[in-house]
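Understanding the architecture of this molecule
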Amino acid sequence: MSQTHTSESLTSDDFMASVKSYLVGFVLSIILTGIPFWAVMTHHFEKPLTLGLVLVMAIVQIVVHLKYFLHLDFSKEGKINTFSFLFTALIIVMVVGLSVWIIYAANALMM
């Protein structure tokens, strides 16, 4: 029984690259969680600056998760997944945004 290797089978190099990607993402996630935690717990900065730091780190952490864990990028393999994710995000933003707009307008008409 011999195994035939196809182009889709994982080699050890592919496996190590995948593990490295997950480890880099994990370390970045820990750092991007630790910085805002430190800023909030130590009260080192004023409240507006702390809030800004937490928001910036949250946005950067979202990007890290999308790249390193969901593998969304514009490479040949990831382009379809990336565009599907962007389309889904657009639809969600539109549904939520338009719902808030409708509720706000209905509230204004009832006053």
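Residues numbered from 1 in each chain as written. Predicted model: local features only at pLDDT ≥ 70, side-chain atom pairs only at ≥ 80, totals over all residues. Heavy atoms only, no water.

Turning our attention to the overall build of the protein chain. A tally of regular secondary structure across the protein chain gives 3 helices and 0 strands. The linear arrangement of helices and strands in the protein chain, starting from the amino end, is α-α-α. By the compact-globule yardstick of 13 Å for 111 residues, the protein chain is too spread out, its C-alpha radius of gyration being 21 Å. Taken along the three principal axes of its C-alpha coordinates, the protein chain extends 80 × 40 × 20 Å. When burial is assessed residue by residue, the protein chain has 13% of its 111 residues classed as buried. Of all intrachain contacts in the protein chain linking residues separated by at least 6 positions in sequence, the fraction that spans at least 24 positions is 49%. Of the roughly 9,600 Å² of accessible surface on the protein chain, 75% is carried by carbon and sulfur atoms. Taken as two groups, the 5 positive and 6 negative side-chain charges of the protein chain have centres that lie 8 Å from each other. (Helix = DSSP H or I, 4+ residues; strand = E, 2+ residues; numbered from the N terminus. Rg over C-alpha atoms; globule rule 2.2 N^0.38 Å. Buried < 20%, exposed > 50% of the residue type's maximum accessible area, 1.4 Å probe, protein only. Contact = heavy atoms within 4.5 Å. Areas by Shrake-Rupley, 256 points an atom, 1.4 Å probe, with all protein chains shown as cover. Lys, Arg positive; Asp, Glu negative; His and termini not counted. Charge placed at Lys NZ, Arg CZ, Asp CG, Glu CD.)

Before going further, it helps to spend a moment on unusual backbone geometry. Even without being a glycine, H43 presents a positive backbone phi close to 55 degrees. H43 gets classed as exposed once you look at its relative accessible area, which sits at 67%. Positive phi is not limited to glycine here, since H71 has a value of about 55 degrees. Relative to the helices and strands, H71 is located in the loop between α2 (47-69) and α3 (79-110).

Relative orientation of the contacting elements helix α1 (residues 12-42) and α2 amounts to 170 degrees, with a least axis distance of 9 Å. Viewed along their axes, α1 and α2 adopt a mutual orientation that is roughly antiparallel. Split by residue class, the contact of α1 with α2 holds 16 nonpolar, 7 polar and no charged. (Axes fitted to C-alpha atoms, helices over the stretch in contact; angles between N-to-C directions. Parallel < 35°, antiparallel > 145°, perpendicular 65-115°, else oblique. Nonpolar A, V, L, I, M, F, W, Y, C, P; charged D, E, K, R; others polar.)

The next point concerns a nonpolar patch on the surface. Taken together, the side chains of F87, L90, I91, I92, M94, V95, V96, L98, V100 and W101 present a nonpolar region at the surface, about 990 Å² in accessible area. Tracing the backbone shows I91 in helix α3. (Patch = residues over 30% accessible without salt bridge, like charges linked within 9 Å, V, L, I, M, F, W, Y side chains within 5 Å. Salt bridge = Lys/Arg side-chain N within 4 Å of Asp/Glu carboxyl O.)

As a further point, take the UniProt feature "transmembrane region" (unreviewed entry) in the protein chain. In the numbering adopted here, UniProt assigns the feature "transmembrane region" (unreviewed entry) to residues 21-39, 51-70 and 82-104. The span residues 51-70 is 95% helical and 0% strand by assignment, and the distance between its end C-alpha atoms comes to 27 Å. In this annotation, residues 82-104 is assigned 100% helix and 0% strand; the end-to-end C-alpha distance for the span is 33 Å. (UniProt positions renumbered as here; feature names shortened; annotations may be inferred.)

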